[in-house]
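Survey of secondary and tertiary structure
Chain residues, written in single-letter form:
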Amino acid sequence: DNLQWEVAKKLNFGIDAKFFHDKLSVTVDFFRDTRDHIFQDRVTLPKFVGMVTVPKSNVGKMHSYGSDGNFEFFHQINKDMSFTVRGNYTFSQNIIDYYEENKLPYDYLSVTGKPFNILRGYIAEGLFSSKEEINTSADQSGFGRIRPGDIKYRDVNGDGKISELDKVPIGYPTTPEINYGFGLSVGYKGLDASFFFQGSARQSFWLD
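So, here is what we can say about the structure in this document. Because the structure is a prediction, the values reported are computed rather than measured.

Focus: the side chain of His63
Along the chain, His63 falls in strand β3 (residues 56-76). Assessed through its relative accessible area of 13%, His63 is described here as buried. Among residues more than four places away in sequence, those in contact with His63 are Arg32, Asp33, Thr34, Gln93, Asn94, Ile95 and Asp97.

As for unusual backbone geometry
Of note in the backbone geometry, Asn117 takes a positive phi value of approximately 65 degrees without being a glycine. Its place among the elements puts Asn117 in the loop between β4 (81-98) and β5 (118-121). With a phi angle near 55 degrees, Arg202 is a residue other than glycine that sits in the positive phi range. Mapped onto the elements of the fold, Arg202 is located in the segment after β10 (191-201). For Arg202, a relative accessible area of 31% translates into the label partly exposed.

Digging into the pairing of β10
Pairing geometry for strand β9 (residues 178-188) and β10, over 11 bridges, is antiparallel. Residue pairing for β10: Gly187 is matched across the bridge by Asp192. Once β9 ends, the chain turns through 2 residues before running back antiparallel as β10, passing Lys189 with a positive phi of about 55 degrees.

Some points on the environment of Ile77
With respect to the helices and strands, the residue Ile77 is situated in the loop between β3 and β4. Spatially, the C-alpha atoms of Ile77 and Tyr188 are 9.9 Å apart, while their sequence positions differ by 111 residues. Discounting residues that sit within four places of it in the chain, Ile77 has contacts with Ser82 and Phe83.

Points about the side chain of Glu177
Mapping Glu177 onto the fold places it in the loop between β8 (168-173) and β9. The contact partners of Glu177, leaving out residues within four places of it in the chain, are Thr90, Phe91, Ser92, Gln93, Tyr172, Ala201 and Arg202.

What counts as what
- Residues numbered from 1 in each chain as written.
- Predicted model: local features only at pLDDT ≥ 70, side-chain atom pairs only at ≥ 80, totals over all residues.
- Heavy atoms only, no water.
- Helix = DSSP H or I, 4+ residues; strand = E, 2+ residues; numbered from the N terminus.
- Buried < 20%, exposed > 50% of the residue type's maximum accessible area, 1.4 Å probe, protein only.
- Contact = heavy atoms within 4.5 Å.
- Pairing = 2+ DSSP bridges.

This is how it looks when you write it as structure tokens:
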């Protein structure tokens, strides 16, 4: 009965400007988005409550911030020929402020305080150079038979073996934090030729 919609608070600040007798147009926006009452499963209820299924609740919190903009430069060379250069970008980051989780043995295992959709994995420290190094390093037998030349992973929690507890946030989120594009158009009398490039950055993905 107490469930409700997520609540979003948005703050935007923008600048529109023109230069060189209106040849160059620039638009830049800055934004911040705060969300709370995010819908999620409750996982910290004690067992003596006797719940058969896990209830839902509005307990999650998250915020994002960034900037986006575009520019366009137009120049009339003569009565028959002109060109336009244009570009755009979007930069956005987010942080999970609260996500209800079971009690974790190490803080780095929590999703709270991390970006949404960030990858987790083992930290590689190089390759094993000898059988002696394998025998004196953290146990990696969970990966199968380990031989010289195999990857050596960091024992993050110091318990002497490599396990799921040694996975840490690595790289960037799976969604690009930066998207951009730029292009050029050239017109001559009744003809027009254009091209536009698009790209993304600050994104991580698995090489399967």
